[in-house]
Amino acid sequence: MLASRDAQVDWVFEILFGKGALDRDDAVGQVLDGLVLLGLADEEDEAKKAKARVAVERAIDNGLRAGRFDRPKRGQIRAIRPDAKDYSSEDWTLCLMNALDREPTDRDAALRFAAYWAASNTGLSFARLQRGGSILTGLDAALESALQRGRFLDVGGGCVRKV
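1. A few points about the overall build of the protein chain
Link 1 in the chain: If you tally the helices and strands in the protein chain, you get six helices and six strands.
Link 2 in the chain: A principal-axis box enclosing the C-alpha atoms of the protein chain has dimensions of 60 × 30 × 25 Å.
Link 3 in the chain: Counting only residues that meet the buried cut, the protein chain has 40% of its 163 residues in that class.
Link 4 in the chain: Contacts spanning at least 24 positions in sequence make up 60% of the contacts within the protein chain whose residues lie at least 6 apart.
Link 5 in the chain: A total of about 9300 Å² of accessible surface is found on the protein chain, and carbon and sulfur atoms cover 47% of it.
Link 6 in the chain: The averaged location of the 26 negative side-chain charges in the protein chain is 4 Å from the averaged location of its 25 positive side-chain charges.

2. Digging into the sheet that holds strand S2 (residues 69-70)
Adjacent strands of a sheet pair through backbone hydrogen bonds, lying either parallel or antiparallel.
Link 1 in the chain: The strand order S1-S3-S2 describes an open sheet built from three strands, whose pairing is antiparallel. The outermost strands of the open sheet, each flanked by one partner alone, are strand S1 (22-23) and S2.
Link 2 in the chain: Relative to strand S3 (residues 76-79), S1 runs antiparallel, the two being bridged by two bridges. Its bridge partner being in S3, Asp23 is matched across the sheet by Gln76.

3. Here we look at the sheet that holds strand S4 (residues 105-106)
Link 1 in the chain: Taking strand neighbours across the sheet as the criterion, the three strands line up as S4-S6-S5 in an open arrangement whose pairing is antiparallel. This sheet does not close on itself; its edge strands, each paired only once, are S4 and strand S5 (152-156).
Link 2 in the chain: Sheet topology note: the S5/strand S6 (residues 159-162) ladder contains four bridges and is antiparallel. What sits directly across from Phe152, in S6, is Lys162.
Link 3 in the chain: The sheet contacts of helix H6 (residues 134-148) involve S5 and S6, and relative to S5 the element is tilted by about 95 degrees.

4. Section: the packing of helix H1 (residues 5-16) against helix H2 (residues 24-37)
Two measures define how a pair of helices packs: the angle their axes make with one another and the distance between the axes.
Link 1 in the chain: The N-to-C vectors of H1 and H2 enclose an angle of 100 degrees; their axes lie 9 Å apart at closest approach. On the basis of the axis angle, H1 is roughly perpendicular to H2. Note on element contacts: H2 touches H1 through Ala27, Gln30, Val31, Gly34 and Leu35, opposite Val12, Ile15 and Leu16.
Link 2 in the chain: Partitioned by chemical class, the residues of the contact of H1 with H2 number six nonpolar, two polar and no charged.

5. A look at the nonpolar core
Proteins that are soluble and globular tend to have nonpolar side chains buried together.
Link 1 in the chain: If you look at the biggest cluster of nonpolar residues, it comprises 43 residues, and the most contacted ones within it are Leu16, Phe69, Trp92, Leu96 and Leu139.
Link 2 in the chain: Mapped by element, the contributors of at least two residues to this core are H1, H2, helix H3 (46-66), S3, helix H4 (89-99), helix H5 (107-121) and H6.
Link 3 in the chain: For this core, the leading source of residues is H6, giving seven residues.

6. Some words on a negative patch on the surface
Link 1 in the chain: A cluster of acidic residues, Asp33, Asp42, Glu43, Glu44 and Glu46, forms a negative patch on the protein surface.
Link 2 in the chain: As for its placement among the helices and strands, Asp33 is situated in helix H2.
Link 3 in the chain: Relative accessible area serves as the criterion here: at 52%, Asp33 is assigned to the exposed category.

7. Side note on the environment of Asp140
Link 1 in the chain: Inspection of the secondary structure assignment puts Asp140 in helix H6.
Link 2 in the chain: With 30 residues separating them along the chain, Asp140 and Ala110 place their C-alpha atoms 9.3 Å apart.
Link 3 in the chain: Once you skip the residues sitting within four places of it in the chain, Asp140 turns out to touch Arg107 and Leu111.

Thresholds applied
Residues numbered from 1 in each chain as written. Predicted model: local features only at pLDDT ≥ 70, side-chain atom pairs only at ≥ 80, totals over all residues. Heavy atoms only, no water. Helix = DSSP H or I, 4+ residues; strand = E, 2+ residues; numbered from the N terminus. Buried < 20%, exposed > 50% of the residue type's maximum accessible area, 1.4 Å probe, protein only. Contact = heavy atoms within 4.5 Å. Areas by Shrake-Rupley, 256 points an atom, 1.4 Å probe, with all protein chains shown as cover. Lys, Arg positive; Asp, Glu negative; His and termini not counted. Charge placed at Lys NZ, Arg CZ, Asp CG, Glu CD. Pairing = 2+ DSSP bridges. Axes fitted to C-alpha atoms, helices over the stretch in contact; angles between N-to-C directions. Parallel < 35°, antiparallel > 145°, perpendicular 65-115°, else oblique. Nonpolar A, V, L, I, M, F, W, Y, C, P; charged D, E, K, R; others polar. Core = buried A, V, L, I, M, F, W, Y, C linked by side-chain atoms within 4.5 Å. Patch = residues over 30% accessible without salt bridge, like charges linked within 9 Å, V, L, I, M, F, W, Y side chains within 5 Å. Salt bridge = Lys/Arg side-chain N within 4 Å of Asp/Glu carboxyl O.

Structure representation (structure tokens):
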């Protein structure tokens, strides 16, 4: 990983965001696997692999100090985005895709399930979900977009499901 410290934290964050709380070793392994898939690390050269591991561990430590990761339990780390205003439409779609399955779910319940999934897995912080608030508005817009793109189906009766 021959990038600036901030860029390294960004790469590690993007690979781990949405994966929830992971044991630190598992997180490092997932990042290394991701970097290999992206062509940014070499899994064959043990010396380069060891350097990449050190860089990933440093990036996680830097990300912890910068508030990009937290430690939900001892020995675990999680890529977090606590403020709903920082979520993109793709982030909200990620939450919906992970929170729902192919069973029909009431639309309002689906939005709430996705918000609670985000709280557990991406560190989204909220005290209450409010109709018209940034969380439910963002999730609703992402769901509408996902319905239009065919990633979810409106099955009638106010229910949606994954395709």
